[in-house]
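Chain and residue survey
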Amino acid sequence: MQNNFIPDAIDIVSRAITADNSGDYPTALNLYRDALSRFTIGLKYEKNESRKKLILERVEGYMKRAEELRDYLNKQAEIEKQGGAGGGGGAAGGGGTKKKGGEMPRTQ
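Residues numbered from 1 in each chain as written. Predicted model: local features only at pLDDT ≥ 70, side-chain atom pairs only at ≥ 80, totals over all residues. Heavy atoms only, no water.

1. What to know about the overall build of the chain
Filter applied, for reference: Secondary structure follows DSSP: runs of H or I at least 4 residues long count as helices, runs of E at least 2 residues long count as strands, and numbering of each begins at the N terminus. Per-residue and other accessible areas follow the Shrake-Rupley method at a 1.4 Å probe size, with only the shown protein chains counted as cover for residues.
A count of helices and strands for the chain gives four helices and zero strands. Going residue by residue from the N terminus, the α and β elements of the chain occur as α-α-α-α. Total accessible area on the chain is roughly 7300 Å²; 53% of this is exposed by carbon and sulfur atoms.

2. Some points on the layout of surface pockets
In this approach, a probe sized like a water molecule rolls over the atoms, and the result shows the empty space that is left. Threshold: For each structure, a 1 Å grid was placed over the protein atoms alone; sets of points admitting a 1.4 Å probe that cannot get out are labelled cavities, open sets with protein on both sides within 12 Å along at least five of seven lines are labelled pockets, and lining residues have an atom within 4 Å of a point. Grid points are joined across faces, edges and corners, and a volume is the space filled by probe spheres set on the points. In the scheme used here, Gly and all other residues not listed as nonpolar or charged are polar, with Ala, Val, Leu, Ile, Met, Phe, Trp, Tyr, Cys and Pro taken as nonpolar and Asp, Glu, Lys and Arg as charged.
By volume, the second largest pocket amounts to about 170 Å³. Around the second largest pocket sit I6, I10, V13, S14, F39, R51, L54, I55, R58, V59 and Y62, which together line it. Elements represented by at least two residues in the lining of the second largest pocket include exactly α1 (5-21) and α3 (49-84). Top element by residues in the lining of the second largest pocket is α3. It accounts for six residues. In the lining of the second largest pocket, the residues fall into eight nonpolar, one polar and two charged.

3. Regarding α1
Heads up, the rule is: Multiplying 1.5 Å by the residue count of a helix minus one yields the expected span of that helix. Here's how the labels work: a residue is buried when its accessible area is under 20% of the maximum for its type, exposed when over 50%, partly exposed in between, all with a 1.4 Å probe on protein chains only. Throughout, the arc means the angular range of directions from the helix axis out to the C-beta atoms.
With 17 residues, α1 should reach 24 Å at 1.5 Å per residue; the first-to-last C-alpha distance of 24 Å fits that figure. Buried residues of α1: I6, A9, I12, V13, A16, A19 and D20, and no others. Relative to the axis of α1, the buried residues are bounded by an arc of 135° and lie together on one face. Projecting away from the buried face of α1 at angles above 90 degrees are the exposed residues T18 and N21. Within two residues after α1, G23 carries a phi angle of roughly 90°, on the positive side.

4. Brief notes about the confidence of the model for the chain
Close inspection of predicted coordinates is inappropriate in any region flagged by low pLDDT. The condition is simple: Across the chain, each position has a pLDDT score giving the predictor's confidence in that residue, from 0 to 100. Any two residues whose heavy atoms approach within 4.5 Å are treated as being in contact.
For the chain, per-residue confidence averages 84 on the pLDDT scale, and residues scoring 70 or more make up 76% of the total. Segment residues 87-102: pLDDT under 50, and 17 contacts once partners within four positions in sequence are set aside and those in other chains are kept.

5. Brief notes about the nonpolar core
The cut-off we apply is this: To define a nonpolar core, start from buried Ala, Val, Leu, Ile, Met, Phe, Trp, Tyr and Cys residues and group those joined through side-chain atoms within 4.5 Å.
Core analysis: the biggest nonpolar cluster contains 21 residues, and V13, Y32, F39, I55, Y62 and L69 have the highest contact counts within it. Counting only elements with at least two residues in this core, the list comes to α1, α2 (25-45) and α3. Among the elements that take part in this core, α2 stands out by supplying nine residues, more than any other. Ignoring any residue separated from it by four or fewer positions in sequence, one finds I55 in contact with I6, F39 and L43.

This is the structure we're talking about:
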């Protein structure tokens, strides 16, 4: 059986990074999750130990970024649920936060 999971995951994670860099965080999160799932399955079939180690290192970074995005999106949803979209306080909290959403801090 040929292991197509890893190449598929690489393609998907490339699209996730593009969406992430363009500020489309919900799409990026879904793509990261899909890629991580495929990496996990692909690693089960990977026989080359050095390649497996390299992939695992990358996967850890993608997983960390997906967790950051999930936390950020949950926080944004909570702000909106608390009325961030309306009222005087909402303009400072919701509107300003939405604009800053494109500048979400990244950890290195």
